[in-house]
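Examining the three-dimensional arrangement
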Protein chains: 4
Amino acid sequence: MKKIILDCDPGMDDSMAIVMAAKSPDLQLMAVTTVNGNYPVDVTCVNARKTLELLERTDIPVARGLAKPIIRDCPKDPFTHGTDGQAENHLPAPAMPLSELDAVDLMIKIIKENPNEVYIISTAPMSNIALAMIKAPEIKEMIPAIYAISGSFGLNKYAFLNATGDTPQSEWNVYVDPEAADLVYNSGVKLVALGLDVATHFDVDFSDDDLKKMEESDKKEAKFLLNAIHFIRNRGFDAYCTVIDCMAVAYAIDPTLVETMEAHVGVETKDGLTLGMTVIDRRHHFVWEHLPLIQVGCKADCGRFLKLLLELVLK
Amino acid sequence: MKKIILDCDPGMDDSMAIVMAAKSPDLQLMAVTTVNGNYPVDVTCVNARKTLELLERTDIPVARGLAKPIIRDCPKDPFTHGTDGQAENHLPAPAMPLSELDAVDLMIKIIKENPNEVYIISTAPMSNIALAMIKAPEIKEMIPAIYAISGSFGLNKYAFLNATGDTPQSEWNVYVDPEAADLVYNSGVKLVALGLDVATHFDVDFSDDDLKKMEESDKKEAKFLLNAIHFIRNRGFDAYCTVIDCMAVAYAIDPTLVETMEAHVGVETKDGLTLGMTVIDRRHHFVWEHLPLIQVGCKADCGRFLKLLLELVLK
Amino acid sequence: MKKIILDCDPGMDDSMAIVMAAKSPDLQLMAVTTVNGNYPVDVTCVNARKTLELLERTDIPVARGLAKPIIRDCPKDPFTHGTDGQAENHLPAPAMPLSELDAVDLMIKIIKENPNEVYIISTAPMSNIALAMIKAPEIKEMIPAIYAISGSFGLNKYAFLNATGDTPQSEWNVYVDPEAADLVYNSGVKLVALGLDVATHFDVDFSDDDLKKMEESDKKEAKFLLNAIHFIRNRGFDAYCTVIDCMAVAYAIDPTLVETMEAHVGVETKDGLTLGMTVIDRRHHFVWEHLPLIQVGCKADCGRFLKLLLELVLK
Amino acid sequence: MKKIILDCDPGMDDSMAIVMAAKSPDLQLMAVTTVNGNYPVDVTCVNARKTLELLERTDIPVARGLAKPIIRDCPKDPFTHGTDGQAENHLPAPAMPLSELDAVDLMIKIIKENPNEVYIISTAPMSNIALAMIKAPEIKEMIPAIYAISGSFGLNKYAFLNATGDTPQSEWNVYVDPEAADLVYNSGVKLVALGLDVATHFDVDFSDDDLKKMEESDKKEAKFLLNAIHFIRNRGFDAYCTVIDCMAVAYAIDPTLVETMEAHVGVETKDGLTLGMTVIDRRHHFVWEHLPLIQVGCKADCGRFLKLLLELVLK
Ligand SMILES: [Ca+2]
Ligand SMILES: [Ca+2]
Ligand SMILES: [Ca+2]
Ligand SMILES: [Ca+2]
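Residues numbered from 1 in each chain as written. Chains lettered and ligands numbered in written order. Predicted model: local features only at pLDDT ≥ 70, side-chain atom pairs only at ≥ 80, totals over all residues. Heavy atoms only, no water.

Going by an unreviewed UniProt entry, chain A carries the name Pyrimidine-specific ribonucleoside hydrolase and comes from Lactonifactor longoviformis DSM 17459.

What follows concerns the coordination of the calcium ion (ligand 4). Residues and elements named next belong to chain D. In this structure, Asp9 (OD), Asp14 (OD), Asp14 (OD), Thr123 (O) and Asp245 (OD) serve as the protein donors to the calcium ion (ligand 4), at separations of 2.2 to 2.6 Å. All donors of the calcium ion (ligand 4) belong to a single chain; written as a sequence motif, their spacing is D-x4-D-x108-T-x121-D. Highlighted residues: Asp9 in the loop between strand 1 (2–8) and helix 1 (12–23) and Thr123 in the loop between strand 4 (118–122) and helix 4 (127–135), separated in sequence by 114 residues. Residue classification places Asp9 among the buried residues on the basis of a relative accessible area of 0%. (Donors = N, O, S within 2.8 Å, 3.2 Å for Na, K, Ca; no water. Helix = DSSP H or I, 4+ residues; strand = E, 2+ residues; numbered from the N terminus. Buried < 20%, exposed > 50% of the residue type's maximum accessible area, 1.4 Å probe, protein only.)

Residues and elements named next belong to chain C. In this structure, Asp9 (OD), Asp14 (OD), Asp14 (OD), Thr123 (O) and Asp245 (OD) serve as the protein donors to the calcium ion (ligand 3), at separations of 2.3 to 2.6 Å. In the primary sequence, the donor residues of the calcium ion (ligand 3) line up as D-x4-D-x108-T-x121-D. Of this pair, Asp9 sits in the loop between strand 1 (2–8) and helix 1 (12–23) while Asp245 sits in the loop between helix 10 (220–234) and helix 11 (246–253), and the two are 236 residues apart along the sequence. Neither Asp9 nor Asp245 differs from the other in exposure class; each is buried.

Between chain B and chain C, the residue contacts involve 11 residues of the former and 11 residues of the latter. Carbon and sulfur atoms supply 71% of the area buried between chain B and chain C, which totals about 1,100 Å² over both sides. Linking chain B with chain C are 4 salt bridges, by the criterion used here. Its salt-bridge partner being Lys135(C), residue Asp105(B) comes within 2.6 Å of it at the nearest N-O pair. In this structure, the connection of chain B to chain C is made through 4 residue pairs in polar contact (both at pLDDT 80 or more). (Contact = heavy atoms within 4.5 Å. Buried area = accessible area lost by both parts, 1.4 Å probe. Salt bridge = Lys/Arg side-chain N within 4 Å of Asp/Glu carboxyl O. Polar contact = N/O pair within 3.5 Å; in protein donor to acceptor, adjacent residues only side chain to side chain.)

Under the fitted operation, chain C is carried onto chain D by 0.0 Å of movement along the axis and a turn of 180°, and the coordinates agree to an RMSD of 0.0 Å. Here the two chains are linked by the operation of a two-fold rotation axis. Among all residues of chain C, the minimum C-alpha distance to the rotation axis is found for Gly154(C), at 3.1 Å. By residue overlap, the copies meet face to face through one surface: 100% of the interface positions of chain C are interface positions in chain D. (Least-squares fit on C-alpha atoms with pLDDT ≥ 70 in both.)

Without any contact between them, chain A and chain C keep their closest C-alpha atoms 10 Å apart. Note that chain B does not reach chain D: the shortest distance linking a C-alpha of one to a C-alpha of the other is 10 Å.

Let us now look at the pattern of salt bridges. Applying the stated criterion to the full structure yields 67 salt bridges over all chains. With a closest N to O distance of 2.6 Å, Glu138(D) and Lys112(D) form a salt bridge. Placement of the pair is Glu138(D) in the loop between helix 4 and strand 5 (146–149) and Lys112(D) in helix 3 (residues 103–113), with a sequence separation of 26 residues. Beyond isolated ion pairs, a larger network of salt bridges with shared partners links Asp102(A), Asp105(A), Lys135(A), Asp102(D), Asp105(D) and Lys135(D).

Before going further, it helps to examine the interface of chain C and chain D. Between chain C and chain D, the contact holds 35 residues from the first and 35 residues from the second. Regarding the contact of chain C and chain D, the summed buried area is about 3,100 Å², with carbon and sulfur atoms giving 65% of it. Here chain C and chain D share 0 salt bridges between them. Counting across the chain C and chain D interface gives 15 residue pairs in polar contact (both at pLDDT 80 or more). Among the secondary structure elements, those contributing two or more residues to the side of chain C that touches chain D are helix 5 (158–161), strand 7 (258–267) and strand 8 (278–281) of chain C. A total of 3 residues in the side of chain C that touches chain D trace back to one element, the largest contributor, which is strand 8 of chain C. Across the side of chain C that touches chain D, the residue classes tally to 17 nonpolar, 10 polar and 8 charged. (Nonpolar A, V, L, I, M, F, W, Y, C, P; charged D, E, K, R; others polar.)

Before going further, it helps to spend a moment on the nonpolar core. In terms of nonpolar packing, the biggest core is built from 189 residues, with Tyr185(A), Tyr185(B), Tyr185(C) and Tyr185(D) touching the most fellow members. When near neighbours in sequence (up to four residues on either side) are disregarded, Tyr185(D) contacts Met126(D), Ser150(D), Gly151(D), Phe153(D), Val174(D), Leu191(D), Ala193(D), Val265(D), Val267(D), Thr278(D), Pro292(D) and Ile294(D). Listed in part, the 69 residues of the second largest apolar core include Leu91(C), Ala145(C), Tyr251(C) and Val258(C). (Core = buried A, V, L, I, M, F, W, Y, C linked by side-chain atoms within 4.5 Å.)

What holds strands together in a sheet is hydrogen bonding between their backbones, with the strands either parallel or antiparallel. Residues and elements named next belong to chain C. Spatially, 9 strands are ordered 3-2-1-4-5-6-9-7-8 in an open sheet, and the strand pairing comes out mixed. Taken across any chain shown, the strands that pair with only one partner, and hence form the sheet edges, are strand 3 (62–64) and strand 8. Shown here is a sheet whose adjacent strand axes are inclined to one another by a mean of 30°, direction ignored. Two strands pair when backbone bridges link them, and strand 4 (residues 118–122) and strand 5 (residues 146–149) are joined in this way by 3 bridges, in the parallel orientation. Each residue of the ladder has a partner; that of Ser122, found in strand 5, is Ala148. In the packing of helix 1 onto the sheet, the strands contacted are strand 1 and strand 2 (27–34), and the crossing angle to strand 1 comes to about 165°. (Pairing = 2+ DSSP bridges. Axes fitted to C-alpha atoms, helices over the stretch in contact; angles between N-to-C directions.)

Take a look at the structure:
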């Protein structure tokens with residue numbers, strides 16, 4: 001059973017990632033930490049608690065993190081997750097309290113108490129994670145790996161068509177806080193980056209049969225996902241949008257779901273055309289060896305991913 | 001018969017581009033203009049004349065262009081075309097004089113004398129072309145199109161594996177003078193950019209039968225190409241390197257050889273990780289409409305390209 | 001008698017610089033070249049001719065130069081020189097033709113025909129001068145010196161209070177085309193840069209007695225200047241604004257008018273807070289020796305400058 | 001009696017700043033927090049404790065702060081404070097423990113426990129202060145003012161001659177962590193920045209009479225300063241170097257010692273020529289109102305400053 005911290009910005013797909021992480025028998029969810037990203041942190045730390053209450057898992061602490069990127073202002077996300085940030089599911093206001101420690105301190109505390117045991121799943125801008133590493137650099141030696149929904153690596157057309165940052169080829173999580181991503185990519189901690197290439201593949205789609213199973217389920221989380229799928233389709237987007245962040249949790253559960261390649265990747269932190277790009281160096285000759293080596297998701301088994309996801313939602 | 005100016009930096013593949021342009025019955029080669037690029041301009045304006053003398057086409061003027069990028073210093077090309085820049089073919093020193101006009105003035109003069117008739121084929125950094133546009137902006141209205149070996153657009157793996165600039169995803173011609181490329185891309189002149197995606201495809205390769213035909217030919221240019229192929233293979237590179245620039249000439253002759261797509265593309269001119277990148281915006285949503293719209297080569301018929309090339313070399 | 005080319009963007013003070021340069025017995029004004037700057041080049045090449053016609057010096061050629069900075073768009077000057085760019089003097093439309101050669105070609109031609117003899121006086125963005133150096137680098141060896149109204153060096157409060165670019169510490173001429181300035185500063189040609197420190201010193205002011213002399217004069221150029229002074233004072237600016245550019249001409253006539261110091265100076269070409277700054281390195285320790293060494297005007301004899309100026313205006 | 005936290009990187013002048021802060025009857029030194037800067041944080045948190053032990057003030061907590069700038073690597077300071085960072089005074093190794101809280105947490109705790117009462121004196125890169133503001137933005141409302149040795153504002157020649165960063169016009173503390181400075185300058189907290197203009201004025205010098213008084217004193221801190229003065233003079237630097245940081249403490253004690261002006265100032269965070277510059281906007285027209293308004297030290301009463309300093313050292 002892997003110990004994990006889920007650092008997220010729910011967001012409907014982050015909410016589903018919480019569902020998977022909390023319900024998986026293979027994971028021990030030590031904490032949910034929230035951050036500014038798809039929505040302001042005031043919203044994301046409400047939504048995280050709403051989701052855990054829906055699952056009746058108020059034993060899992062939720063800690064509030066950074067309200068903005070480390071050195072930048074918050075950009076505005078042009079995509080919508082609805083007025084509540086949860087696809088208009090409008091779950092009840094949470095009763096459970098926030099952790100007394102903020103996200104950074106809670107993260108540091110849990111990691112230090114469980115050295116080499118706590119994996120971080122990152123489904124949001126990396127502001128909290130980077131700040132924890134700045135404040136307590138010693139934790140870098142104690143994290144076995146970070147599994148992140150992060151970046152876009154040019155490996156297929158989805159890397160380009162679905163770019164979510166506000167520059168032509170960037171992904172939203174990196175784009176929002178590129179300095180944080182740059183710090184984490186360069187931290188020396190093993191990083192598995194699942195980018196738009198795999199996490200927004202159009203093969204991540206739900207069949208009518210899937211929808212029917214959700215309809216027939218008495219699980220609130222099944223209803224939640226179903227609502228989200230209807231919400232997103234009504235807005236002219238594809239169903240994969242509701243579960244992007246789930247792939248990082250799925251990878252934590254079963255790493256055979258996504259094939260990865262090791263590559264040198266740099267994060268562009270200069271303003272303008274390429275801000276927030278994750279620039280992969282795949283050259284046969286003259287590769288920049290000084291760029292950090294990370295594990296890049298290059299091919300997901302979308303069918304098995306969806307199967308695992310549904311299994312956990314419905315159980 | 002299309003009137004063309006070939007702006008180049010020979011370079012073995014530029015030399016072969018001159019061969020094709022001078023011998024094609026479909027093109028009228030008005031001038032060869034040379035520029036710093038693969039080699040210093042002192043070398044490239046010698047090699048252009050050597051090549052025309054080999055073809056006995058000293059009627060075509062050769063003009064010397066810029067010795068360096070518009071505002072930058074010359075980077076050093078890590079790739080080699082041999083001590084002579086022509087794959088050790090060591091052709092005789094040229095006897096024909098250079099044009100009295102420099103490349104920029106000759107380009108401007110020919111374009112103004114033949115408004116809307118002169119296509120530019122660009123197989124080198126765009127310093128000369130940009131400078132002509134800076135000095136005489138009125139020519140921008142008089143150029144029907146520019147066909148360029150330029151950029152790398154992420155359309156397939158070759159765009160990444162064969163990146164030739166000294167940053168992880170840039171192509172050499174753009175990397176050397178990104179400000180020049182940026183000016184030309186934004187000039188409003190129709191631009192067909194054949195990038196690494198098509199021009200360095202591994203399907204551009206010569207068969208034993210092709211080599212045999214060159215061996216048996218009494219054409220000096222066939223011998224030249226054969227030597228170049230041996231030269232490059234001996235250095236551990238693939239044969240496509242000898243004819244990269246030829247694809248722009250081939251496209252001028254027969255535009256059905258390369259499929260193109262229209263796309264917004266920005267050129268990165270900021271130093272660092274992404275300098276010289278040609279950043280394509282293929283997003284389904286929120287595309288940057290203010291980036292210039294250009295024609296990007298996305299798929300080449302490599303077989304027909306090689307056939308045309310060989311036909312011209314051997315005839 | 002010093003041969004000079006005056007490269008300018010009239011502008012009222014450039015117009016007065018033309019007056020001084022054309023009337024000084026110590027200077028031989030070989031050409032006036034115009035460029036975009038305070039006003040579009042279409043205006044500045046009209047105003048240069050208007051001024052020469054007012055002086056009845058239509059023997060001096062006027063050549064049209066660049067309509068925009070080398071690689072940037074034109075910024076908008078927030079300061080006004082009136083609807084005609086000449087302080088509402090509204091001189092008659094010029095009858096004299098423009099030079100057949102453009103500014104860059106005329107500059108190159110004159111310099112090559114008179115090697116080591118032609119000084120350039122620069123009272124505008126350096127786009128023309130830089131382009132001439134890009135196109136014909138050999139002229140760099142043939143120019144004995146450039147006297148420029150250029151930059152701001154932090155030597156006194158005027159360097160800060162009167163900053164004219166659209167960044168906090170830049171001067172307009174450099175700000176408009178920083179890449180051009182950077183090229184010229186780094187060209188190796190001796191450069192005397194008279195910045196805001198000296199050229200906008202509040203001691204450059206006209207006495208009532210001066211004004212009276214202009215009133216009593218029958219010289220059209222005296223009337224021109226008088227109008228300009230009234231124009232500028234009515235707009236709440238100081239009278240020095242009418243003659244800023246004259247100091248470079250005065251320096252060409254009599255270099256003892258301005259004390260200079262040799263210093264390493266870099267031109268900032270990065271966008272943002274410091275774009276267009278001329279950054280002087282006066283450190284006692286660890287100075288950046290690789291920055292170009294230029295002559296920086298540090299103290300002007302404002303009284304003698306005004307005396308010389310008036311003498312030439314009134315004679 | 002003002003409550004203060006002294007955030008520093010001792011360094012000999014920081015050590016003297018600790019002496020003043022600990023001995024002044026007008027200040028209550030709540031904590032000394034240390035950071036990377038002149039020396040690695042491992043050294044600075046030793047030197048801070050050495051200094052407090054020399055003063056027999058081990059009641060004052062010392063907390064360890066950041067080992068590097070927030071997002072950058074540590075630059076190397078070309079200036080030396082000796083092998084021990086204290087001008088070869090080689091004080092005994094400290095016995096007092098470090099605070100259990102790190103610098104950021106201790107700073108946040110003290111400020112929250114004493115809202116609106118704790119002034120920060122900053123004599124080092126602002127990494128700790130910025131990180132505290134990132135982690136706990138609510139403290140920004142609770143700090144009455146920050147008095148900092150920070151920046152260089154072009155107000156006199158010392159601003160240029162004594163520039164200490166590794167760019168032509170930057171000051172070391174800002175240069176080392178420009179993003180931290182930028183955050184603090186923009187935090188909305190009242191900032192009094194004493195720059196090179198005042199803190200490195202050559203009038204800050206010790207008379208023979210001053211030196212004699214130190215010699216005759218039995219105070220260890222007098223001996224410490226005397227050694228530092230000899231050390232620095234032997235290396236060809238001026239005596240002001242030993243007490244630069246003291247001016248911020250002096251200002252906290254008696255704000256009439258330094259005249260200030262309110263001005264808009266931007267911090268340059270772009271790499272290259274102007275990295276780390278504090279760019280003041282003193283324009284009469286078109287000032288950038290969006291730059292933060294800070295209090296800039298423009299004139300110090302060096303005589304009274306030295307008198308106060310000596311009084312505290314000798315008492
Ligand atoms: Ca998310
Ligand atoms: Ca080429
Ligand atoms: Ca002017
Ligand atoms: Ca210090």
